[in-house]
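Understanding the architecture of this molecule
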Amino acid sequence: MPGLFAVEGKKVLVTGGSRGIGLMIARGFVEAGADVIVSSRKADVCAAVAEELSAVGNCISVAADLSTTEGVDRLTDAVRENGPALDVLVNNAGATWGAPLEAYPEVAFDKLWAVNVKAVFRLTTALLPALRVAADAEDPARVINIGSVDGIRVPAMEVYAYSATKAAVHMLTRTLAHQLAPEHITVNAIAPGPFDSKMMAFALDDPATRAAIAQQVPLGRIGRPADMAGTAIYLASRAGAYLTGTVIPVDGGITTHG
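So, a few notes on the structure that sits alongside this text. (Residues numbered from 1 in each chain as written. Predicted model: local features only at pLDDT ≥ 70, side-chain atom pairs only at ≥ 80, totals over all residues. Heavy atoms only, no water.)

1. Comments concerning the overall build of the protein chain
Basically, it comes down to this: Helix and strand assignments come from DSSP, with helices taken as H or I runs of at least 4 residues and strands as E runs of at least 2, each series counted from the N terminus. The globule rule is 2.2 Å times the number of residues to the power 0.38, and the radius of gyration it is compared with is taken over C-alpha atoms. We call a residue buried when its accessible area falls under 20% of the maximum for its residue type, exposed when it is over 50%, and partly exposed in between, using a 1.4 Å probe and counting protein chains only. When checking whether two residues touch, look at their non-hydrogen atoms; a contact exists if any pair is within 4.5 Å. For the area figures, the Shrake-Rupley method with a 1.4 Å probe applies, and any residue is considered shielded solely by the protein chains shown.
Helix and strand counts for the protein chain come out as nine helices and seven strands. Its C-alpha atoms give the protein chain a radius of gyration of 17 Å, near enough to 18 Å, the size a compact globule of 258 residues would have. Judged by the C-alpha coordinates and their principal axes, the protein chain covers about 50 × 40 × 40 Å. For the protein chain, the proportion of its 258 residues judged to be buried stands at 51%. By sequence separation, contacts in the protein chain at least 24 residues apart represent 71% of the contacts at least 6 residues apart. Carbon and sulfur atoms provide 57% of the accessible area of the protein chain, an area that totals close to 11800 Å².

Printed below as a string of structure tokens:
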């Protein structure tokens, strides 16, 4: 079945694409021949990543703080200036906050709700005109939201606002999928387990802690870049064209524990 997983020439936006899971996904799309826009808050870091990825394909950067209306507008305008259509939107930008239960600050819920949930909704709705241009019955436009296994099962760490907002991302995914299916726009979520990222660096950078976390994963290892990029490319390709409203755990089997 030639071209089943092909994404060559597709226009892809990856938010939070300058590091961690976002960079894994952005690099995968670039290497697979897509035209990629990476976005993050820090302009210099974002530009450096785009320059690095441009050595193997097509990638540009747009700096934007998606926790603000101005940031969403800036990114939306930049995407439109790059062409009328957007084939794939990857909503990856996010934040976490850990603290003991009785010391957990209310501001954590405010910040993470703005970044992890509102920004996903705001950017997706702002880019609907571009997604509609790309949408086709045989090859829908795609929205891929990055949730978390911590939005599916009770996390081991005290990250109350993070797990709550990621659960909200999963439900938002299903709601948008139902709403947008008649317009040939699919909406799915990926729920990562442990991957090397800034959010997990405090644990995975320590060899002993890393080994302990890997032992809790049924497949016995930490996630690799290809695991994340492969799932995103599947959802964006013809192979994933009939899938919408799903939350896919890419977690080595962690969620099999319940």
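Let's pick the thread back up.
2. Regarding the packing of helix H1 (residues 20–31) against helix H9 (residues 225–236)
Helix packing for two helices is described by the angle between their axes and how far apart those axes are. Our working definition: Only the contacting stretch of a helix is used when fitting its axis, a line to C-alpha atoms as for every element, and angles between N-to-C directions run 0 to 180 degrees. Here is the rule for angles: anything less than 35 degrees is roughly parallel, anything more than 145 is roughly antiparallel, 65 through 115 is roughly perpendicular, and the remaining ranges are oblique. Rotating anticlockwise by less than a right angle from the far helix to the near helix defines a left-handed crossing, while the corresponding clockwise rotation defines a right-handed one. Following the grouping adopted for this structure description, the nonpolar residues are Ala, Val, Leu, Ile, Met, Phe, Trp, Tyr, Cys and Pro, the charged ones are Asp, Glu, Lys and Arg, and the polar ones are all others, Gly among them.
At a minimum axis separation of 8 Å, H1 and H9 run at an interaxial angle of 60°. Classed by the angle they form, the pair H1 and H9 counts as oblique. Between H1 and H9 lies a crossing whose hand is right-handed. Of H9, the residues touching H1 (which contributes Ile21, Met24, Ile25, Gly28 and Phe29) are Pro225, Met228, Ala229, Ala232, Ile233 and Ala236. The residue inventory of the contact of H1 with H9, partitioned by class, reads ten nonpolar, one polar and no charged.

3. Considerations on the side chain of Ser148
Which entries qualify depends on this criterion: A 3.5 Å cut-off defines polar contacts: any pair of N or O atoms within that distance qualifies, except that in protein one atom must be a possible hydrogen donor and the other a possible acceptor, and neighbouring residues in sequence count only when both atoms are side-chain atoms.
Positionally, Ser148 belongs in the loop between strand S5 (141–146) and helix H6 (160–180). Among the polar contacts made by the side chain of Ser148, one reaches the main-chain amide nitrogen of Asp150 at a distance of 2.9 Å. When residues no more than four places from it in sequence are discounted, the contact partners of Ser148 are Tyr162, Lys166, His170, Ile190, Ala191 and Pro192.

4. A few points about the pairing of strand S3 (residues 58–63)
Selection rule: In this analysis, strands are considered paired if DSSP registers two or more bridges between them. With strands facing away from the observer, any crossover in which the path from the first strand over the helix to the second runs clockwise is taken as right-handed.
Sheet analysis places strand S2 (residues 35–40) next to S3, joined by six bridges and oriented parallel. In the sheet register, Asp35 faces S3, and the bridge partner there is Asn58. Regarding topology, helix H2 (residues 43–53) serves as the crossover connection from S2 to the parallel S3, and that connection is right-handed.

5. Here we look at a positive patch on the surface
Using the following cut-off: In this analysis, a patch consists of residues with relative accessible area above 30% that form no salt bridge, clustered at 9 Å for like charges and at 5 Å for the nonpolar side chains Val, Leu, Ile, Met, Phe, Trp and Tyr. Here, a salt bridge means any side-chain nitrogen of Lys or Arg that lies within 4 Å of a carboxyl oxygen of Asp or Glu. Only four residue types enter the tally: Lys and Arg on the positive side, Asp and Glu on the negative side; His and the chain ends are excluded. For charged residues, the charge sits on one atom: NZ in Lys, CZ in Arg, CG in Asp, CD in Glu.
Together, Arg19, Arg41, Lys42, Lys111 and Lys198 give the surface a local cluster of positive charge. Structurally, Arg19 can be placed in the loop between strand S1 (11–15) and H1. Classification of Arg19 as partly exposed rests on a relative accessible area of 41%.

6. Describing the pattern of salt bridges
Inspection of every chain in the model, using the stated rule, returns seven salt bridges. The closest approach of N and O atoms between Glu183 and Arg132, which form a salt bridge, is 2.5 Å. With Glu183 in the loop between H6 and strand S6 (185–192) and Arg132 in helix H5 (residues 128–134), the pair connects residues that are 51 residues apart, well separated along the chain. For Arg132, a relative accessible area of 41% corresponds to the partly exposed category. Linking Asp227 and Arg221 is a salt bridge whose minimum nitrogen-to-oxygen distance equals 2.8 Å. Under the relative-accessibility criterion, Asp227 is labelled partly exposed at 24%.

7. Structural notes on unusual backbone geometry
With a phi angle near 60°, His184 is a residue other than glycine that sits in the positive phi range. Relative to the helices and strands, His184 is located in the loop between H6 and S6.

8. Some details on a negative patch on the surface
Together, Glu70, Asp73, Asp77 and Glu81 make up a region of like negative charge exposed at the surface. For Glu81, the position within the fold is in helix H3 (residues 69–81).

9. Description of the packing of H3 against helix H4 (residues 106–126)
For the pair H3 and H4, the least separation of the axes is 10 Å and the interaxial angle reads 35°. Between H3 and H4 lies a crossing of right-handed hand. Contacts between H3 and H4 involve Thr69, Val72, Leu75, Thr76 and Arg80 on the former and, on the latter, Arg122, Leu123 and Ala126. Its residues assigned to classes, the contact of H3 with H4 shows four nonpolar, two polar and two charged.

10. Some words on H9
Along an α-helix, residues three or four positions apart point the same way, because every turn accommodates 3.6 residues. Where we set the bar: Given a helix with a known number of residues, its expected span is that number minus one, times 1.5 Å.
With twelve residues, H9 should cover 16 Å at 1.5 Å per step; its first-to-last C-alpha distance of 17 Å lies within 8% of that length. Burial in H9 covers these residues: Met228, Ala229, Thr231, Ala232, Ile233, Leu235 and Ala236. Looking at the buried side of H9, the elements it contacts are H1, strand S4 (88–91), S5, S6 and strand S7 (247–250).

11. A look at the nonpolar core
Keep this limit in mind: By convention a nonpolar core is built from buried Ala, Val, Leu, Ile, Met, Phe, Trp, Tyr and Cys residues, the set being connected through side-chain atoms within 4.5 Å.
One finds Leu13, Leu75, Leu86, Leu89, Leu123, Leu131 and Ile185 to be the most contacted residues of the largest nonpolar core, which totals 31 residues. Every element with two or more residues in this core is listed here: H3, H4, H5, S5, H6 and S6. Aside from chain neighbours lying at most four places away, what touches Leu131 is Leu86, Asp87, Leu89, Thr124, Ala141, Arg142, Val143 and Ile185. Core analysis: the next-biggest nonpolar cluster, separate from the first, contains 30 residues, Ile21, Val36, Ala232 and Ile233 among them.

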